[in-house]
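# Observations on the model geometry
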Amino acid sequence: MSEKAVAVVDTNVLLNLATPVVDGRPQAPSGADPLKALLSGYDVQIPASVLGELTDATGSDDLLAAAADLVLQAAHHLTAHDIDAQIDEPLDYGLDRGESECIWLANELEADLFITDEFNTTNYLFVNLALDDRNILFTTPHILCTFATHEILPVEYVEAVLTYYVETKGWDTHYVSQLRKQYLKE
């Protein structure tokens, strides 16, 4: 059996993958667990600051806190790296410290994937510029489509969860449509 591919993941990716699992509203898709798919399919690496951001998101009774709680319950599947001493300040691209640390970690580990949710902003271009290997950049909708392609998650679930994210998170409809055409066509 081959080793798992290394994926460096930012906080929002983990929260977004956990959200449909903890969302009890009728519009939330059910029948699969995208967070579990990521954690079981990849060797997930994070800066320690991601754990801090997740902890900061807990403590209330909203959906974000529930998602953060779920991710923290699965934290034993994450490998955290203390890289505070490695980076003096965030990259000069308008990215926050956590995103900068994730990019640094992806470059340092020569990760197979860096997964971000910066695709709805111009920061996506800056992330792309900062990565040593431009081919490792993935987004949450992209990795979900990849899960469907590799039969890790059912195509029907991925279709439903993409619609859910477009409606609840404001994900870019055109971007998601292009991914659907490329990955989910029959």
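Coordinates for the structure precede this section.
Here's what I pulled together on the structure shown here. (Residues numbered from 1 in each chain as written. Predicted model: local features only at pLDDT ≥ 70, side-chain atom pairs only at ≥ 80, totals over all residues. Heavy atoms only, no water.)

A few words now on helix 1 (residues 11-22). Every α-helical turn comprises 3.6 residues, leaving residues that sit three or four positions apart pointing alike. For helix 1, with twelve residues, the first-to-last C-alpha span of 16 Å sits near the 16 Å given by 1.5 Å per residue. The element helix 1 is extensively covered by neighbouring structure, given that nine of its twelve residues are classed as buried. Every buried residue of helix 1 is accounted for by Thr 11, Val 13, Leu 14, Leu 15, Asn 16, Leu 17, Ala 18, Thr 19 and Pro 20. (Helix = DSSP H or I, 4+ residues; strand = E, 2+ residues; numbered from the N terminus. Expected span 1.5 Å × (residues − 1). Buried < 20%, exposed > 50% of the residue type's maximum accessible area, 1.4 Å probe, protein only.)

With that settled, the discussion passes to the pattern of salt bridges. What the rule picks out here adds up to two salt bridges. Note that Asp 23 is salt-bridged to Arg 25, the shortest N-O span being 2.7 Å. Here Arg 180 and Glu 159 are joined by a salt bridge, their closest N and O atoms 2.7 Å apart. Here Glu 159 lies in helix 8 (residues 155-169) and Arg 180 lies in helix 9 (residues 173-184), a separation of 21 residues in the sequence. Take Glu 159: its relative accessible area is 27%, and that puts it in the partly exposed class. (Salt bridge = Lys/Arg side-chain N within 4 Å of Asp/Glu carboxyl O.)

Most often, soluble globular proteins have nonpolar side chains that are buried together. Leu 14, Leu 38, Phe 114, Ile 115 and Leu 144 are the most contacted members of the largest nonpolar core, which has 58 residues in total. The dominant element in this core, judged by the number of residues it contributes, is helix 8, at seven residues. The contacts of Phe 114, once residues within four sequence positions are left out, are Val 8, Cys 102, Ile 103, Ala 106, Val 127, Leu 131, Ile 136, Leu 137 and Phe 138. (Core = buried A, V, L, I, M, F, W, Y, C linked by side-chain atoms within 4.5 Å. Contact = heavy atoms within 4.5 Å.)

In short, shape yes, function no, at least from these values alone.
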